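Results of the structural survey
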Amino acid sequence: FFMGASLGYGFGDMSVNGDVGNFDFDTDGTFASLYLGYDWQFGNFLLGFEGEWGAGDVSGSGGSGGTNFSTDLNWLTAIRARAGVLLNPALLIYATGGWAWADMDLKGTGVGAFDTSENLSGYQVGGGAEYRFSQTWALRLDYVYTDLEDETISAGGVNNTFDPEFHL
């Protein structure tokens, strides 16, 4: 059994397709999370799962056609499988993948203005390295890519589809 906390940086891309045009804008910011999981070891191989909940300020804005859009990631939770190889008794290299759920604020000003909070889901994949200092302390560095489902917002007779993806 393991549990821990992380602090990191997130960056990504928000694609917008719709009545005001097709364009992308960048998102970025800090992100912190709590995680817990369980691993089974088979010789030098490891299999396990983990759950994570985090929040931060991964946000951005952009516009087209007299409308400005902004987005902000409020929270993200995920369940992932984890598989790895112990390079020595203290160093683990692993891959991870699973499903994520997120709450995002989406706003539009100008033509077809709106202000909404949406729950989205999608997949995550990534990997990392973990170094154990003792039986109870470890340091890990990992990367996770998240691709959330498209969300179409209809307001004031204007339809726009948002496609968020980001890296943590």
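Here is a short report on the structure shown in this document. (Residues numbered from 1 in each chain as written. Predicted model: local features only at pLDDT ≥ 70, side-chain atom pairs only at ≥ 80, totals over all residues. Heavy atoms only, no water.)

**Considerations on the overall build of the protein**
Rules: Numbering of helices and strands runs from the N terminus; a helix is a DSSP stretch of H or I covering at least four residues, while a strand is a stretch of E covering at least two. Residue exposure (1.4 Å probe, protein chains only): buried if accessible area is under 20% of the type maximum, exposed if over 50%, otherwise partly exposed. Every residue pair with non-hydrogen atoms within 4.5 Å of one another is taken to be in contact. The method behind every accessible area is Shrake-Rupley, applied with a 1.4 Å probe, and residues are considered shielded solely by the protein chains displayed. Counting rule applied: Lys, Arg positive; Asp, Glu negative; His and chain ends not counted. Every charge is mapped to an atom, namely NZ of Lys, CZ of Arg, CG of Asp or CD of Glu.
The secondary structure content of the protein amounts to zero helices and nine strands. Counting only residues that meet the buried cut, the protein has 40% of its 168 residues in that class. Once local pairs closer than 6 in sequence are excluded, the contacts in the protein between residues at least 24 apart make up 56%. Roughly 8600 Å² of accessible area belongs to the protein as shown, and the carbon and sulfur atoms make up 59% of that amount. Separation between the mean location of the 5 positive side-chain charges and that of the 22 negative ones in the protein comes to 15 Å.

**What to know about the pattern of salt bridges**
Which entries qualify depends on this criterion: For salt bridges, the criterion is a side-chain nitrogen of Lys or Arg within 4 Å of an Asp or Glu carboxyl oxygen.
Evaluation of the coordinates by the stated rule reveals seven salt bridges. Here E130 ties to R132 by a salt bridge, and the two come within 3.6 Å at their closest N and O atoms. By relative accessible area, E130 is classed as buried at 6%. Taken together, the shared-partner salt bridges in this structure form one network comprising E50, E52, R80, R140 and D142.

**Quick look at the environment of Q41**
Heads up, the rule is: Think of a polar contact as two N or O atoms within 3.5 Å of one another; within protein, one of them needs to be a possible hydrogen donor and the other a possible acceptor, and neighboring residues in sequence only count if both atoms come from side chains.
You can see Q41 is positioned in strand β2 (residues 21-42). Through-space distance from the C-alpha of Q41 to that of L139 is 18 Å; in sequence the pair is 98 residues apart. Side-chain polar atoms of Q41 contact the backbone oxygen of G43, separated by 3.0 Å.

**A short note on the nonpolar core**
As a reminder of what qualifies: Remark: nonpolar core denotes a set of buried residues (Ala, Val, Leu, Ile, Met, Phe, Trp, Tyr, Cys) joined through side-chain atoms within 4.5 Å.
Grouped together as the largest cluster of nonpolar side chains are 24 residues, with contacts concentrated most on M14, V16, F69, L73, L76, F114 and F162. Where this core is concerned, the elements lending two or more residues are β1 (2-18), β2, β4 (67-88), β5 (91-109), β6 (114-132), β8 (151-155) and β9 (158-167).

**Comments concerning the environment of T116**
Inspection of the secondary structure puts T116 in strand β6. Here the alpha-carbon distance between T116 and D105, two residues eleven residues apart in the chain, equals 5.8 Å. Within polar-contact distance, the side chain of T116 engages the side chain of E118 at 2.8 Å.

**Topic: the pairing of strand β7 (residues 138-148)**
Rules: Two strands qualify as a pair provided that DSSP identifies no fewer than 2 bridges between them.
As judged from the eleven bridges shared by β6 and β7, these two strands associate in the antiparallel manner. Across the sheet, the residue bridging to G128 is D142, located in β7. Linking two consecutive strands that pair antiparallel, namely β6 and β7, is a turn of five residues.

**Quick look at the layout of surface pockets**
Spelled out, the test is: Here a cavity denotes a set of grid points, spaced 1 Å apart and computed over the protein atoms alone, in which a 1.4 Å probe fits but from which it cannot get out, and a pocket denotes an open set meeting protein on both sides within 12 Å along at least five of seven lines; residues with an atom within 4 Å of a point are reported as lining. Grid points are joined across faces, edges and corners, and a volume is the space filled by probe spheres set on the points.
Of the volumes computed, that of the largest pocket is approximately 1000 Å³. If you go around the largest pocket, you meet 36 residues; those closest to its centre are F2, Y35, E130, A138 and R140. With eight residues, β1 is the largest single contributor of residues to the lining of the largest pocket.

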